[in-house]
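Coordinates in review
The primary structure of each chain is shown beneath.
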Amino acid sequence: MGLRTGTLTTVNRLGALERAIMDVLWETEVPLTVREVSARLTERNLAHTTVMTVLDRLAKKGFAKRQRDGRAWRYCPAATRETYVTELMLTALNQTGDRTAALTRFAQSVSGVEADVLRDALEVLEGDGGGDEGSG
């Protein structure tokens, strides 16, 4: 199915079980059946029907995609983990009354390495980090 980097239409926080199941989907390159997902949830002893119900809900919410494989369904993430986290962060940012203050506080809270990553990303967006050596 390839790497999925699209956007999620509605971003809600995932419950603990939903998150555990999405972690399984995010950690594999191929779509999985309910049984395959269940087998990878090693820290939980869940009924097959429970995993099937959660996967069905994740598909209906738009977090997972499913495709038929004979009589079974195969599930994969609708978007990458990074896309999900980005959408959560943007949703949180939209809930603040002062985006500038929230962004400033966030920038003050990250590690030095993370700040460097943010700086590099902003430079690329501004066109400063994308190529022309010696221009500027």
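Details of the structure are given in the entry above.
Residues numbered from 1 in each chain as written. Predicted model: local features only at pLDDT ≥ 70, side-chain atom pairs only at ≥ 80, totals over all residues. Heavy atoms only, no water.

Counting secondary structure elements, the protein contains 6 helices and 2 strands. In sequence order, the protein lays out its α and β elements as α-α-α-β-β-α-α-α. Total accessible area computed for the protein in this model is approximately 9,400 Å², and 50% of it derives from carbon and sulfur atoms. (Helix = DSSP H or I, 4+ residues; strand = E, 2+ residues; numbered from the N terminus. Areas by Shrake-Rupley, 256 points an atom, 1.4 Å probe, with all protein chains shown as cover.)

Okay, a nonpolar patch on the surface next. A grouping of Val85, Met89, Phe106 and Leu118 is seen on the molecular surface, where their side chains present a nonpolar patch of about 320 Å² in accessible area. Looking at the secondary structure, you find methionine 89 in helix α4 (residues 81–94). (Patch = residues over 30% accessible without salt bridge, like charges linked within 9 Å, V, L, I, M, F, W, Y side chains within 5 Å. Salt bridge = Lys/Arg side-chain N within 4 Å of Asp/Glu carboxyl O.)

For the rest of this paragraph, the subject is the environment of aspartate 69. Within the fold, aspartate 69 resides in strand β1 (residues 64–69). Sequence spacing of aspartate 69 and threonine 33 is 36 residues, and the spatial spacing of their C-alpha atoms is 8.7 Å. At 2.6 Å, the side chain of aspartate 69 forms a polar contact with the side chain of arginine 74. (Polar contact = N/O pair within 3.5 Å; in protein donor to acceptor, adjacent residues only side chain to side chain.)

Following the sequence through the fold, threonine 28 ends up in the loop between α1 (16–26) and α2 (34–40). Here threonine 28 falls in the buried class, since its relative accessible area comes to 11%. (Buried < 20%, exposed > 50% of the residue type's maximum accessible area, 1.4 Å probe, protein only.)

With respect to the helices and strands, threonine 80 occurs in the loop between β2 (72–77) and α4. A distance of 2.8 Å separates polar atoms of two side chains, one belonging to threonine 80 and the other to threonine 83.

Right, let's get into the pattern of salt bridges. Summed over the entire model, instances satisfying the criterion amount to 9 salt bridges. Note that aspartate 56 and lysine 60 form a salt bridge whose closest N and O atoms lie 3.1 Å from each other. Of this pair, aspartate 56 and lysine 60 both sit in helix α3 (residues 48–61), separated by 4 residues, roughly a single helical turn. Looking at lysine 60, the relative accessible area reads 66%, which means it is exposed. Residue arginine 119 pairs with aspartate 116 through a salt bridge whose shortest N-O separation is 2.6 Å. Of this pair, arginine 119 and aspartate 116 both sit in helix α6 (residues 112–126), separated by 3 residues, roughly a single helical turn. For arginine 119, a relative accessible area of 45% puts it in the partly exposed group.

The full count for this structure, using the stated rule, is 2 aromatic pairs. Between the aromatic rings of phenylalanine 63 and tyrosine 84, the centroid separation amounts to 5.7 Å while the plane-to-plane angle is 75°, which identifies the pairing as edge-to-face. Remark: tyrosine 84 occurs in helix α4 and phenylalanine 63 occurs in the loop between α3 and β1; sequence separation between them is 21 residues. Members of the aromatic cluster, each reached through a chain of ring pairs, are Trp26, Phe63 and Tyr84. Above the ring of tryptophan 73, the side-chain terminus of arginine 66 is found at 4.3 Å from the ring centroid. Between the NZ or CZ atom of arginine 68 and the centre of the ring of tryptophan 73, over which it lies, the distance is 4.3 Å. (Phe/Tyr/Trp six-rings, centres within 6.5 Å; stacked < 30°, edge-to-face > 60°. Lys NZ or Arg CZ within 6 Å of the ring centre and 35° of its normal.)

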